[in-house]
Amino acid sequence: MFRILFVTLIFSIIVRAQFSPGDLSNAHANLEGMSNCDKCHTSGDEVQNSKCLSCHTEINSLVNSGRGLHAREAKGKMCYACHSEHHGRGYKLMNFNQKGFDHGRAGYVLQGKHLQLSCAGCHQAKFIKGNAKKRAGRTFLGLEQNCLGCHTDVHKTTLGNNCTGCHTQSAFKPATGF
Ligand code: HEC
Ligand code: HEC
Ligand code: HEC
Ligand code: HEC
Ligand code: HEC
Ligand code: HEC
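Only a predicted model underlies this, so the values are computations on that prediction, with no experimental measurement involved. Within every chain, residues take consecutive numbers counted from 1 along the sequence as written. Key to labels: chains lettered from A, ligands numbered from 1, both in the order written. For a predicted model such as this one, the threshold for reporting local features is a pLDDT of at least 70, and the threshold for listing and counting side-chain atom pairs is 80 or more; totals across whole chains, interfaces and linings nevertheless cover every residue. Side-chain measures were taken over the full set of non-hydrogen atoms in the model, leaving aside hydrogen atoms and water.

What to know about the packing of aromatic side chains
Each Phe, Tyr or Trp ring (for Trp, its six-membered ring) is paired with any other whose centre lies within 6.5 Å, and the angle between the two planes then decides the class: stacked below 30 degrees, edge-to-face above 60, tilted in between. All chains considered together, the criterion is met by two aromatic pairs. Relative to Phe101, the ring of Phe96 lies with its centre 5.3 Å away and its plane at 70 degrees, an arrangement referred to as edge-to-face. Categorising residues by exposure relies on relative accessible area from a 1.4 Å probe, with only protein chains included: less than 20% of the type maximum marks a residue as buried, more than 50% marks it as exposed, and the intermediate range marks it as partly exposed. Residue Phe96 is classed as partly exposed on the basis of its relative accessible area of 35%. When the ring of Phe96 is compared with that of Phe140, the centres are 5.3 Å apart and the planes differ by 70 degrees; the resulting orientation is edge-to-face. Within this pair, whereas Phe96 is found in the loop between helix H5 (68–73) and helix H6 (119–122), its partner Phe140 is found in the segment after H6, the two being separated by 44 residues in sequence. Residue Phe140 is classed as partly exposed on the basis of its relative accessible area, which comes to 37%. By way of ring pairs, the aromatic residues Phe96, Phe101 and Phe140 are connected into one cluster. Numbering goes from the N terminus for both helices and strands, where a helix is a DSSP run of H or I of at least four residues and a strand is a run of E of at least two.

Following this line, the structure appears as structure tokens:
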């Protein structure tokens, strides 16, 4: 009896191992191995978004607050529709073309002077907040739309926080709304 159970156990481990369709991407390389399958899969081999999101909490909170690209484009989809796995270490988990990116897709339309900036002009360490900071240079997360997230208040709070009451994104001088 025990022998049969034991053999079944070993057999199911081998079958599972054989069924791993291939190596994980670089970003997930440390999740390689039998003990980690359930980080992304349920026992039935099914992949669940909630498992991805339990590590990728910053994506989770953006989606929950209706911000960013995922809140618009990933809704109702499986994560792996855009981030597949098991295609080997060199596989690009993010297939993203920066050139010609329509920034409205992230829920933030670039206007005025902002249109002339490079992506890295804004997506750089000094403006990035929170967890994403340590991924500066290879992430688009961690920015806020608030002017004060990137500009200093030359008026030293004397004119309030509502910069757009007096300024547009085309020029600070003249202060067109003043
Ligand atoms: C980092 C997350 C992650 C880990 C860890 C992981 N997988 Fe996967 N696995 C995926 C994703 C995502 C897919 C879906 C790929 C697709 O369909 O594009 C997948 C697909 C599969 C499939 C194809 C069948 C199906 O349900 O689509 C099998 C079988 C599988 N994985 C087995 C394993 C095994 C065995 C392990 C552990 C050795 C493992 N996986 C670890 C993410 C992971
Ligand atoms: C156990 C935690 C964990 C789980 C589960 C997990 N990830 Fe990750 N993921 C990471 C880490 C850690 C990185 C690398 C972060 C870094 O490079 O700083 C990463 C990176 C990524 C990246 C960025 C890749 C890059 O090239 O920079 C994507 C996209 C991603 N994961 C999607 C997913 C998806 C989709 C799933 C579910 C199928 C998933 N992750 C499951 C921990 C996890
Ligand atoms: C004026 C500053 C600025 C410039 C220039 C800029 N971005 Fe952004 N970007 C932002 C801000 C702010 C956010 C955050 C929006 C939010 O979360 O509400 C953002 C968010 C994003 C996101 C969404 C990340 C996510 O997963 O939610 C992507 C992708 C992105 N930017 C790509 C780009 C690319 C590509 C370029 C260059 C073509 C670029 N950005 C130029 C300010 C900028
Ligand atoms: C419709 C395609 C699509 C779907 C579905 C999607 N993503 Fe993404 N994801 C992207 C694109 C494009 C980027 C690169 C631009 C950016 O950062 O927004 C990205 C970037 C990421 C990153 C890297 C963030 C960083 O630090 O730079 C992670 C992590 C991630 N996605 C996780 C997920 C998870 C978890 C899910 C499922 C809940 C998911 N994605 C679903 C398209 C998608
Ligand atoms: C994610 C970062 C970011 C956010 C948020 C942001 N800006 Fe900017 N902005 C920049 C950068 C970087 C520049 C180019 C360098 C500079 O002039 O400071 C710039 C340039 C400008 C300029 C041109 C300045 C000049 O002298 O040519 C104006 C005007 C401007 N921003 C207004 C605003 C206003 C108003 C807001 C809020 C509605 C805002 N910005 C939000 C990053 C940002
Ligand atoms: C009540 C109106 C008002 C508000 C609100 C306001 N400003 Fe101004 N700001 C002005 C005026 C007026 C000037 C001077 C314009 C000129 O010299 O033509 C100015 C000038 C500036 C300049 C240019 C300084 C220089 O000498 O080059 C910057 C930068 C600036 N404001 C940033 C901000 C920021 C950031 C905020 C939000 C925290 C803000 N302002 C809110 C009215 C305002």
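Points about the site of ligand 4
What makes a residue near a molecule or strand is one non-hydrogen atom of that residue sitting within 4 Å of it. Surrounding ligand 4, one finds 20 residues, the nearest of these being His70, Cys79, Cys82, His83 and Thr139. The contact in question runs from a nitrogen atom of ligand 4 to an N or O atom on the side chain of His70, over 2.8 Å. Between ligand 4 and the protein, one listed contact pairs an oxygen atom with a side-chain N or O atom of Thr139 at 2.7 Å. Where the shell around ligand 4 is concerned, the elements lending two or more residues are helix H3 (49–55) and H5. The dominant element in the shell around ligand 4, judged by the number of residues it contributes, is H5, at three residues. Looking at the shell around ligand 4 residue by residue, the class counts come to 12 nonpolar, four polar and four charged. Polar contact is the term for a pair of N or O atoms within 3.5 Å; when the atoms are in protein, one must be able to donate a hydrogen and the other to accept it, and sequence-neighboring residues count only if both atoms are side-chain atoms. Each residue is assigned to one class: nonpolar for Ala, Val, Leu, Ile, Met, Phe, Trp, Tyr, Cys and Pro, charged for Asp, Glu, Lys and Arg, and polar for all the others, Gly among them.

Focus: the coordination of the iron atom of ligand 1
Metal donors were taken as nitrogen, oxygen and sulfur atoms no farther than 2.8 Å from the ion, or 3.2 Å where the ion is Na, K or Ca. Water is excluded, so coordination may look unfinished. Those donors, His41 (NE2) and His86 (NE2), are the protein atoms that reach the iron atom of ligand 1, and they lie 1.9 to 2.0 Å from it. Note that the iron atom of ligand 1 binds six donor atoms; their angles at the metal cover 88 to 178 degrees, and the shape is octahedral. Of this pair, His41 sits in the loop between helix H2 (37–40) and H3 while His86 sits in the loop between H5 and H6, placing them 45 residues apart in sequence. His41 sits in the buried class, given a relative accessible area of 16%. Irregular is the label for any site that misses the other tests, which are tetrahedral for four donors with all angles between 85 and 135 degrees, and square planar for four donors or octahedral for six when opposite donors exceed 155 degrees and the remaining angles lie between 65 and 115.

Comments concerning the side chain of Thr139
On the secondary structure map, Thr139 appears in the segment after H6. A distance of 3.1 Å separates a polar atom in the side chain of Thr139 from the backbone nitrogen of Leu141. Beyond its immediate sequence surroundings of up to four residues, Thr139 is in contact with His123, Ile128 and Ala132. Pairs of residues are marked as contacts when any of their non-hydrogen atoms sit within 4.5 Å.

Some words on the site of ligand 6
Residues in contact with ligand 6 amount to 16 residues; listed here are only the nearest, His155, Cys163, Cys166, His167 and Phe178. Side-chain polar atom of His155 to a nitrogen atom of ligand 6: 2.7 Å apart, as the coordinates give it. For ligand 6, a nitrogen atom lies 2.8 Å from a polar atom in the side chain of His167. Using a grid of 1 Å spacing that covers the protein atoms alone, one calls a set of points a cavity when a 1.4 Å probe fits there but cannot get out, and a pocket when the set is open and has protein on both sides within 12 Å along at least five of seven lines; lining residues are those with an atom within 4 Å of a point. Pocket occupancy is defined atom-wise: a molecule lies in a cavity or pocket when more than half of its atoms are within 2 Å of its grid points. More than half of the atoms of ligand 6 fall within 2 Å of the grid points belonging to the second largest pocket.

Structural notes on the coordination of the iron atom of ligand 2
Around the iron atom of ligand 2, the protein supplies His28 (NE2) and His56 (NE2) as donor atoms, at distances of 2.0 Å. Considering all six donor atoms around the iron atom of ligand 2, the spread of angles at the metal, 87 to 179 degrees, places the coordination shape in the octahedral class. Taken as a pair, His28 in the loop between helix H1 (2–19) and H2 and His56 in the loop between H3 and helix H4 (57–64) lie far apart in primary sequence, 28 residues in all.

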